[in-house]
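Tertiary structure, described
Listed here are the chains, written in short residue letters.
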Amino acid sequence: MSITAVIARIRLNPYSRAVQSDLRDATQMHRTVMRLVPDGLGDSPRRTAGLLYRVDETTTASTLLVQGHHLDAGRLPADYGHADVKDLAPMFAALRKGLAVSYRIVLNPTKRERLPLQHKGQRGRIIPLSGPDADQWWTQRAADAGLQLRILTPTNLAPARPRGADATPMRHSLIRYDGTATITDPDALAQAVLTGIGRGKAYGAGLLSLARAKTP
């Protein structure tokens, strides 16, 4: 399987007004990362571009990870931050059954509300999951994606809040999972890395990062 994908690691400039605005506004962050992909991609440009992103924050720095088929980091604002773009082909080529990996992913775990029979044909609300329910949700999605989880450590993040007059009022609950896993299906895993997992991809969820697990 021939895979074309790259990832940009952008160490954000905390003094940039554009960065400060994006970190407060999930809608604006989405617009900024979409600047990295080519124009003219049709009605579903994010999906066509294979664009996924995540913000990793520590006490000293914030890093924006952006993944796509083709990215042009030169289209970011001039003072946005330092970007390194890396080809993901070697990572995909290294995936094999039985390989132990470490992972990180930010997710928006949800379920669809089940309605009474008298509401047949109608769709229930999307309900965010938390605690053990969210852990079980991720465990099942990971299995579907070709990963058998060994360790999962959840960290609750601030919800993504789209802003602006035309933005949806919905808050997107976010949980970051870090841990280790064993690959059970390399092809399914490659597809999950390329397309992302779960809802909220336009708001920083779904990007699965992998690395070879460190041996004790």
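Quick look at the structure, then.

Before going further, it helps to examine the overall build of the chain. Helix and strand counts for the chain stand at 6 helices and 10 strands. With 216 residues in all, the chain has 41% of them scored as buried. Counted over contacts in the chain with a minimum sequence separation of 6, partners at least 24 positions apart contribute 72%. About 12300 Å² of surface is accessible on the chain, with carbon and sulfur atoms providing 50% of the total.

As summarised here, the arrangement of the 4 strands in space is S8-S9-S5-S10, forming an open sheet in which the pairing is antiparallel. In this open sheet, the two edge strands, each paired with only one partner strand, are strand S8 (147-160) and strand S10 (208-212). With strand direction ignored, the average angle separating the axes of adjacent strands in the sheet is 15 degrees. Here S8 pairs with strand S9 (residues 172-183) via 11 bridges, running antiparallel. When the sheet's bridge partners are listed, leucine 147 is paired in S9 with isoleucine 183. Strands in contact with helix H5 (residues 131-144) are strand S5 (100-107), S8, S9 and S10; relative to S8, the strand with the most contacts, it is inclined by about 130 degrees. Against the sheet, helix H6 (residues 186-195) contacts S8, S9 and S10, and its axis sits at roughly 135 degrees relative to S10.

Here the focus is the sheet that holds strand S3 (residues 62-68). If you trace the 4 strands from one edge of the open sheet to the other, you get S2-S3-S1-S4, paired in antiparallel fashion. In this open sheet, the two edge strands, each paired with only one partner strand, are strand S2 (52-57) and strand S4 (81-87). Strand after strand, the sheet turns through a mean of 15 degrees between neighbouring axes, direction not considered. As paired elements, strand S1 (residues 6-12) and S4 share 7 bridges and run antiparallel to each other. What sits directly across from alanine 8, in S4, is valine 85.

Overall, the coordinates contain 5 salt bridges when judged by the stated rule. Of the charged contacts, one joins arginine 104 and aspartate 178 as a salt bridge, the two residues approaching to 2.5 Å between their closest N and O atoms. Of this pair, arginine 104 sits in strand S5 while aspartate 178 sits in strand S9, and the two are 74 residues apart along the sequence. Arginine 176 is the partner of aspartate 178 in a salt bridge, and the nearest nitrogen-oxygen pair spans 2.8 Å. In terms of burial, aspartate 178 and arginine 176 fall into one category: buried.

Let's shift gears to the layout of surface pockets. Sizing a probe to match a water molecule and rolling it over the atoms shows the empty space that remains. Looking at the largest pocket, its volume works out to about 480 Å³. Around the largest pocket sit 22 residues that line it, and Leu23, Val55, Glu57, Ala158 and Leu174 are the ones nearest its centre. Residue assignment for the lining of the largest pocket shows that the elements contributing at least two residues are helix H1 (17-24), helix H2 (26-34), S2, S8 and S9. Of all the elements, S2 adds the most residues to the lining of the largest pocket, at 5 residues. Across the lining of the largest pocket, the residue classes tally to 12 nonpolar, 1 polar and 9 charged.

This part covers the nonpolar core. Of all hydrophobic cores here, the largest spans 34 residues; its most connected members are Phe92, Trp138, Leu147, Ile197, Leu208 and Leu210. Breaking this core down by element, the ones donating at least two residues are S5, H5, S8, S9, H6 and S10. The greatest single-element share of this core, amounting to 5 residues, is contributed by H6. With sequence-adjacent residues up to four places away left out, leucine 210 is seen in contact with Met91, Leu95, Val101, Ser102, Tyr103, Leu147, Leu189 and Val193. Judged by nonpolar contacts, the second largest core, of 18 residues, contains Val6, Ile10, Leu12 and Val37.

What counts and what doesn't
- Residues numbered from 1 in each chain as written.
- Predicted model: local features only at pLDDT ≥ 70, side-chain atom pairs only at ≥ 80, totals over all residues.
- Heavy atoms only, no water.
- Helix = DSSP H or I, 4+ residues; strand = E, 2+ residues; numbered from the N terminus.
- Buried < 20%, exposed > 50% of the residue type's maximum accessible area, 1.4 Å probe, protein only.
- Contact = heavy atoms within 4.5 Å.
- Areas by Shrake-Rupley, 256 points an atom, 1.4 Å probe, with all protein chains shown as cover.
- Pairing = 2+ DSSP bridges.
- Axes fitted to C-alpha atoms, helices over the stretch in contact; angles between N-to-C directions.
- Salt bridge = Lys/Arg side-chain N within 4 Å of Asp/Glu carboxyl O.
- 1 Å grid on protein atoms, 1.4 Å probe; cavity = no way out; pocket = protein on both sides within 12 Å on 5 of 7 lines; lining within 4 Å.
- Points joined across faces, edges and corners; volume = space filled by probe spheres on them.
- Nonpolar A, V, L, I, M, F, W, Y, C, P; charged D, E, K, R; others polar.
- Core = buried A, V, L, I, M, F, W, Y, C linked by side-chain atoms within 4.5 Å.

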